[in-house]
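Summary of structural features
Chain residues, written in single-letter form:
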Amino acid sequence: MQHLTNKTVLITGASSGLGQALAYAAAGRGANLVLCARRQEKLQLVAAHARAISGRHAYAVRIDLTQPAQLNALMAFIKRQVGPIDVLINNAGIGYFERALDLPAAKLEALFQLDVISLIQLTQKIGLTMAGLRRGTIVNIASQAGKLVTPKASAYAAAKAAVIAYSNGLRMELRPLHIHVLTVNPGPIATDFATIADPSGQYARAVANIALDPHRLAERIVQAIEHQRRELNVPWPMTVAAQLRQLFPAIVDRIIMNPVFNRK
Ligand SMILES: NC(=O)c1ccc[n+]([C@@H]2O[C@H](COP(=O)([O-])OP(=O)(O)OC[C@H]3O[C@@H](n4cnc5c(N)ncnc54)[C@H](OP(=O)(O)O)[C@@H]3O)[C@@H](O)[C@H]2O)c1
């Protein structure tokens, strides 16, 4: 069991949604926080609230994770001001729900740059320090989409499948160094994610009744970190569907195409 009290937790995408909820859940365990995102004002509010919960440090670091120079500046800040990171939570991510043949090149690049490449680059930078200390936890927020793709989510699902595969390889490499890797695959969450993924609002309305509460999910993620689980998959019916797809892909594809299940 690994306790977060007095540990230093870095959370990307902490200005809203699941990242914000994770900040409060980790603060509730007495963790020091490094919170990263582009919207400085929102980030500072989250950091102030986290400090009020924990009575410990909560740094708000304005950063566009897709800019390598800003990643280097973040590392310099951590070295100068914070010290070793005990838990890295790669949470920042975007999605675009558009037909595979229509997704504009700029959106495709932005999606893979943030959700995959920046995640790997930050993991390498923080992971090297963890490897030197022979301790640490890396949490990658992927998605059920990475296991159970649906129409209009092909590029997003491909990015999240890449995160799942990367995490599986990383876990094996880092285990001998006593660094634990947790992959989190949530279904729809009640956050602002859908306002970028589908600005029409159709997706948000369609999943409103089944969307996960970000605070409850954050609590489960913190528990999974504490118990050093390798994967957290929620909700369970999507997990079962993803497993069934491995066994009966043609049948599950037909079920997903049915308007009852196909909500994009
Ligand atoms: N919501 C869902 O239905 C759902 C389902 C499964 C998985 N997920 C995953 O859960 C994670 C969190 O998403 P969410 O639902 O909480 O959505 P969200 O509220 O939109 O949060 C996304 C976060 O990423 C940050 N971000 C975006 N671009 C960035 C950039 N270039 N540099 C730094 N930070 C950036 C945003 O902050 P700024 O805009 O301030 O930079 C924001 O804090 C994502 O990885 C997402 O793929 C979401």
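Residues numbered from 1 in each chain as written. Predicted model: local features only at pLDDT ≥ 70, side-chain atom pairs only at ≥ 80, totals over all residues. Heavy atoms only, no water.

Spelled out, the test is: UniProt positions are given in the numbering used here, feature names are shortened, and annotations may be inferred rather than shown by experiment.
The name an unreviewed UniProt entry assigns to the protein chain is Metabolite dehydrogenase, NAD-binding protein, from the organism Loigolactobacillus rennini DSM 20253. In its Sequence similarities (unreviewed entry) section, UniProt records this for the protein chain: "Belongs to the short-chain dehydrogenases/reductases (SDR) family."

Notes on the overall build of the protein chain
Which entries qualify depends on this criterion: Put simply, DSSP marks the helices as runs of H or I at least four residues long and the strands as runs of E at least two long, and each gets a number from the N terminus on. The globule rule used for comparison is 2.2 Å times the number of residues to the exponent 0.38, while the radius of gyration itself is calculated over C-alpha atoms. Three labels apply to residues, based on accessible area from a 1.4 Å probe with only protein chains included: buried if under 20% of the type maximum, exposed if over 50%, partly exposed otherwise in between. Any pair of residues with heavy atoms lying within 4.5 Å of one another is described as a contacting pair. The Shrake-Rupley method, run with a 1.4 Å probe sphere, supplies the accessible areas, and residue values consider only the shown protein chains as cover. By the counting rule applied here, Lys and Arg register as positive and Asp and Glu as negative, while His and the ends of each chain are not counted. For charged residues, the charge sits on one atom: NZ in Lys, CZ in Arg, CG in Asp, CD in Glu.
Regarding its fold elements, the protein chain presents 10 helices and 7 strands. A compact globule built from 264 residues should have a C-alpha radius of gyration of about 18 Å, and the protein chain, at 18 Å, falls within 12% of that. Across its three principal axes, the protein chain shows a C-alpha extent of roughly 55 × 40 × 30 Å. The burial tally for the protein chain puts 47% of its 264 residues in the buried class. Put simply, 72% of the contacts in the protein chain that link residues at least 6 apart link residues at least 24 apart. About 12,900 Å² of surface is accessible on the protein chain, with carbon and sulfur atoms providing 56% of the total. Distance between charge centres in the protein chain, computed from 29 positive and 15 negative side chains, equals 5 Å.

Looking at a nonpolar patch on the surface
For clarity, the threshold we go by: A residue counts toward a patch only above 30% relative accessible area and without a salt bridge, and it is joined to like-charged neighbours within 9 Å or, for Val, Leu, Ile, Met, Phe, Trp and Tyr, to nonpolar neighbours within 5 Å. Only one rule defines a salt bridge in this text: a Lys or Arg side-chain nitrogen within 4 Å of an Asp or Glu carboxyl oxygen.
On the surface, Trp236, Val240, Leu244, Leu247, Phe248, Ile251, Ile255 and Phe261 cluster together to form a nonpolar patch covering roughly 840 Å² of accessible area. For the nonpolar patch, the elements supplying multiple residues, two or more each, are helix H9 (236-247) and helix H10 (249-257). A total of 4 residues in the nonpolar patch trace back to one element, the largest contributor, which is H9. We classify isoleucine 251 as partly exposed; its relative accessible area is 44%.

Describing the pairing of strand E2 (residues 32-37)
This is how it is decided: At least two DSSP bridges between two strands are required for those strands to pair.
E2 sits mainly inside the fold: 6 of its 6 residues count as buried. Both faces of E2 are covered, namely the face carrying Asn32, Val34 and Cys36 and the face carrying Leu33, Leu35 and Ala37. Pairing geometry for strand E1 (residues 8-12) and E2, over 5 bridges, is parallel. Looking across to E2, one finds that threonine 8 is bridged to asparagine 32. With 5 bridges joining them, E2 and strand E3 (residues 58-62) adopt parallel strand pairing.

Considering the packing of helix H1 (residues 17-28) against helix H2 (residues 40-54)
This is how the line gets drawn: To obtain each axis, a line is fitted to C-alpha atoms, and for helices this fit is confined to the stretch in contact; angles are then taken between N-to-C directions over 0 to 180 degrees. Between 65 and 115 degrees an angle is taken as roughly perpendicular, under 35 as roughly parallel, over 145 as roughly antiparallel, and anywhere else as oblique. Helix crossings get a hand from a simple test, with the near helix turned counterclockwise from the far one by less than a right angle marking a left-handed crossing and a clockwise turn marking a right-handed one. Each residue is assigned to one class: nonpolar for Ala, Val, Leu, Ile, Met, Phe, Trp, Tyr, Cys and Pro, charged for Asp, Glu, Lys and Arg, and polar for all the others, Gly among them.
Interaxial distance between H1 and H2 falls to 8 Å at its minimum, and their mutual angle equals 20 degrees. Between H1 and H2, the angle falls in the class roughly parallel. When the axes of H1 and H2 are compared, the crossing they make is right-handed. Here Gln20, Ala23, Tyr24, Ala27 and Gly28 of H1 come into contact with H2, specifically with Val46, His49, Ala50, Ile53 and Ser54. Taken together, the residues of the contact of H1 with H2 sort by class into 6 nonpolar, 4 polar and no charged.

Thoughts on the packing of H1 against helix H8 (residues 214-226)
Relative to each other, H1 and H8 sit at 55 degrees, their axes nearing to 8 Å. By the criterion of interaxial angle, the relationship of H1 to H8 is oblique. With respect to the hand of their crossing, H1 and H8 are arranged in right-handed fashion. Contacts between H1 and H8 involve Gly17, Leu18, Ala21, Leu22, Tyr24, Ala25 and Ala26 on the former and, on the latter, Pro214, His215, Leu217, Ala218, Glu219, Ile221 and Val222. For the contact of H1 with H8, the residue count by class is 11 nonpolar, 2 polar and 1 charged.

Quick notes on the site of the ligand
The criterion, for reference: We call a residue near a molecule or strand whenever a single non-hydrogen atom of that residue lies within 4 Å of it. For the purposes of these results, a polar contact is taken to be a pair of N or O atoms within 3.5 Å, where, inside protein, one atom must be able to donate a hydrogen and its partner to accept one; residues adjacent in sequence count only when each atom of the pair is a side-chain atom.
Residues in contact with the ligand amount to 29 residues; listed here are only the nearest, Arg38, Arg39, Asn91, Tyr156 and Thr191. Between the ligand and serine 16, the relevant distance is 2.9 Å, taken from an oxygen atom to a side-chain nitrogen or oxygen of the residue. In the model, an oxygen atom of the ligand is placed 2.7 Å from a nitrogen or oxygen of the arginine 38 side chain. At the level of secondary structure, the elements contributing two or more residues to the shell around the ligand comprise H1 and helix H5 (154-174). Looking at the shell around the ligand, its residues break down into 14 nonpolar, 10 polar and 5 charged.

A closer look at the environment of leucine 232
Within the secondary structure layout, leucine 232 lies in strand E7 (residues 231-234). Looking at leucine 232, the relative accessible area reads 1%, which means it is buried. The sequence separation of leucine 232 and glycine 136 amounts to 96 residues, and the corresponding C-alpha distance is 18 Å. Excluding residues within four positions of it along the chain, leucine 232 makes contact with Leu182, Thr183, Val184, Asn185, Arg220, Ile221 and Ala224.

Regarding unusual backbone geometry
Residue proline 235 is bonded to the preceding valine 234 through a cis peptide linkage, with omega at -5 degrees. Although it is not a glycine, arginine 134 sits at a positive phi angle of roughly 60 degrees. Under the relative-accessibility criterion, arginine 134 is labelled partly exposed at 47%. The phi angle at glutamine 228 is positive, at roughly 50 degrees, despite the residue not being glycine. You can see glutamine 228 is positioned in the loop between H8 and E7. Overall, the relative accessible area of 41% leaves glutamine 228 in the partly exposed class.

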